[in-house]
Every structure is written in C-alpha cells, then in structure tokens.
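Summary of the model geometry
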Amino acid sequence: MRSAEELRFLILAAQREGNRLLGQALRPLGLTPSQAEVIRILQDRGPLTLNGLGELLVCESGNSPSRLVDRLVAVGLVSRKVAEHDRRHVELSVTEEGVRLCGQVAEIEEKLYQSIDVAAEGRDLGQIQGFLWDFVRDLPAGQAISRRASAEAQQTDVPDPGRRNVGPNSPDS
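This structure is a prediction, so every number in the text was calculated from the model and none was measured.

1. Thoughts on the overall build of the protein chain
Looking only at helices and strands, one finds seven helices and two strands in the protein chain. Of the regular secondary structure in the protein chain, the N- to C-terminal order runs α-α-α-α-β-β-α-α-α. Per-residue burial over the protein chain gives 28% buried out of 173 residues. Just so you have it, the protein chain exposes about 11,600 Å², and 51% of that area is on carbon and sulfur atoms.

2. Thoughts on the nonpolar core
Ranked by size, the top nonpolar core spans 24 residues in total, and within it Leu31, Ile39, Leu42 and Leu53 carry the most contacts. Where this core is concerned, the elements lending two or more residues are α1 (3-26), α2 (33-45), α4 (66-74), β2 (90-94) and α5 (96-120). Excluding anything up to four places from it in sequence, leucine 31 contacts Leu26, Ala36, Ile39, Leu72, Leu77, Leu101 and Val105.

3. Some words on the pattern of salt bridges
On inspection of all chains with the given rule, the structure shows six salt bridges. Here arginine 80 ties to aspartate 70 by a salt bridge, and the two come within 2.1 Å at their closest N and O atoms. In this pair, arginine 80 is assigned in strand β1 (residues 78-82) and aspartate 70 in helix α4, connecting sequence segments 10 residues apart. The exposure class of arginine 80 is partly exposed, given its relative accessible area of 42%.

4. Quick look at the confidence of the model for the protein chain
Scored by pLDDT, the protein chain has a mean of 85; 86% of the residues are at 70 or more. Mean pLDDT values for the elements of the protein chain range from 82 in helix α7 (residues 140-155) up to 95 in α5. Under a pLDDT of 50 for its full length, residues 157-166 has, in the predicted model, 10 contacts with residues more than four places off or in other chains.

5. Some remarks on α2
When the terminal C-alpha atoms of α2 are compared, their 18 Å separation across 13 residues agrees well with the 18 Å that a helix rising 1.5 Å per residue should span. Most of α2 is tucked away, with 10 of its 13 residues classed as buried. The set of residues buried in α2 consists of Pro33, Gln35, Ala36, Glu37, Val38, Ile39, Arg40, Ile41, Leu42 and Arg45.

6. As for unusual backbone geometry
Residue proline 47 is bonded to the preceding glycine 46 through a cis peptide linkage, with omega at -5°. Summarising the element assignment, proline 47 is placed in the loop between α2 and α3 (50-54).

7. Considering the packing of aromatic side chains
All chains considered together, the criterion is met by one aromatic pair. Note on phenylalanine 131 and phenylalanine 135: the rings are 6.3 Å apart at their centroids and 25° apart in plane angle, and the pair reads as stacked. Linking phenylalanine 131 with phenylalanine 135, this pair stays in helix α6 (residues 125-136), spanning four residues, or about one helical turn. Residue classification places phenylalanine 135 among the exposed residues on the basis of a relative accessible area of 57%.

8. Notes on the side chain of glutamine 35
Checked against the element boundaries, glutamine 35 lands in helix α2. Excluding residues within four positions of it along the chain, glutamine 35 makes contact with Gly30, Leu68, Arg71 and Leu72.

9. Section: the packing of α2 against α5
At a minimum axis separation of 10 Å, α2 and α5 run at an interaxial angle of 110°. By the angle between their axes, α2 is roughly perpendicular relative to α5. Handedness of the α2/α5 crossing: left-handed. Contact residues: α2 offers Ala36, Ile39, Arg40 and Gln43, while α5 offers Gly98, Val99, Leu101, Cys102, Val105, Ala106 and Glu109. Grouping the constituent residues of the contact of α2 with α5 by class yields seven nonpolar, two polar and two charged.

Procedures and definitions
- Sequence order sets the numbering: in each chain, residues are counted from 1 along the sequence as written.
- Only residues with pLDDT of at least 70 are given local features in this predicted model, and only at 80 or more are side-chain atom pairs given and counted; all residues enter the totals for whole chains, interfaces and linings.
- Each side-chain value is worked out from all heavy atoms of the structure, with water and hydrogens disregarded.
- Put simply, DSSP marks the helices as runs of H or I at least four residues long and the strands as runs of E at least two long, and each gets a number from the N terminus on.
- The rule is simple: take the accessible area with a 1.4 Å probe, protein chains only, and divide by the maximum for that residue type; under 20% is buried, over 50% is exposed, in between is partly exposed.
- Method for areas: the Shrake-Rupley scheme with a 1.4 Å probe, in which residue coverage is limited to the protein chains shown.
- Definition used in this section: a nonpolar core is a set of buried Ala, Val, Leu, Ile, Met, Phe, Trp, Tyr and Cys residues joined via side-chain atoms within 4.5 Å.
- Throughout, a contact is declared for two residues whenever any of their heavy atoms are within 4.5 Å.
- For salt bridges, the criterion is a side-chain nitrogen of Lys or Arg within 4 Å of an Asp or Glu carboxyl oxygen.
- The pLDDT value expresses, per residue, how confident the predictor is, ranging between 0 and 100.
- A helix is expected to span 1.5 Å for every residue after the first.
- The aromatic pairing rule takes the rings of Phe, Tyr and Trp, using the six-membered ring of Trp, and pairs them if the centres are within 6.5 Å, calling planes under 30 degrees apart stacked, those over 60 edge-to-face and the rest tilted.
- Axes here mean lines fitted to C-alpha atoms, for a helix over just the part in contact, with angles spanning 0 to 180 degrees between N-to-C directions.
- Every angle not falling under 35 degrees, over 145, or within 65 to 115 is termed oblique; those three ranges are roughly parallel, roughly antiparallel and roughly perpendicular.
- By definition, turning the near helix anticlockwise from the far helix through less than a right angle yields a left-handed crossing, and turning it clockwise yields a right-handed one.
- For this scheme, ten residues count as nonpolar: Ala, Val, Leu, Ile, Met, Phe, Trp, Tyr, Cys and Pro. Four count as charged, namely Asp, Glu, Lys and Arg, and the remainder, Gly too, count as polar.

Here you go:
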C-alpha cells in the first residue's frame, strides 16, 4: 500500500471511529454528533443566522444545515426568531433544554479529547496538525474550522497558556 493511500485510510478510519464513539456516547441524549455540533456552536456563538451557522459547521460544510436545524427546532433544542426589522432575517439560538444538553455534550466531548490525548502522548502533534492544516486549509471544512478558531480567539481577551494555538496561522501549523 502506498504511503499516501495508507494515510488517507488511517485518517478516514480515525474519523469514523471517533464519530462512532461520539455517536454512542450521545445516543442516550437523543443526539447525533452533527446535532451536538449545532447546539454547541449556537451555545458558544449564538444567536446566528442559518448561513452564519453553516459557515461554522464541519459536519455539514458546503451544505445548508436547514434539515439539521429543523429537527432540533422540532424537538425543542433550538429556537428560531424572526427579526422585527426584517422578516427574512431569522436568528437561531439554543433553548433552555438545549443549554442543559450542551453541558452533557461538553462532558462527553471532554472524555473523547482525553482519550485522544492519551493516544497522542509522546508524539509531536504540532507536526500532525500542521500537515492536516496544509491539507484542509482551502477546503470548506478547513475554512469552517478556521472561522471557528478566529471567532474563539476574538472572544478570548486573555489567552489561556494551557491551550495550544492550533489554528491555520499558529506557530504549530
């Protein structure tokens, strides 16, 4: 097997297994990984328009997240509010029930990140992240991650010294 082919399938396998593990952990909450991503983004950065949300999603990059949002509205985790000044402007936000679930989702995500940290122990993640950034930087999912990293950096007044800067313009990339 050629190195590039092996790498392709290793990345695919890691993504699928990570998503499977995340899906299993989220199932008791009645959420899919994509739905969890939506409510977490809305909690962190909402309210957002459908387009604004779509620009930050990795799970639905390039597609309109309207069906995903419709489902979350139907189960009461996301609300739609039509702006008084312009009926075409609809803002999405997480409901009280959505906020409650976001806390549980954050705990599930943290456990996944801890298992990734254990698997990565002793490895130079900066090189791996740099390679992956070079690969996805100009692609829709990479652009969504970049926008999320930029928005997060703008919301943070004081840098967290324990947090690595892994964005597209970081020293690690």
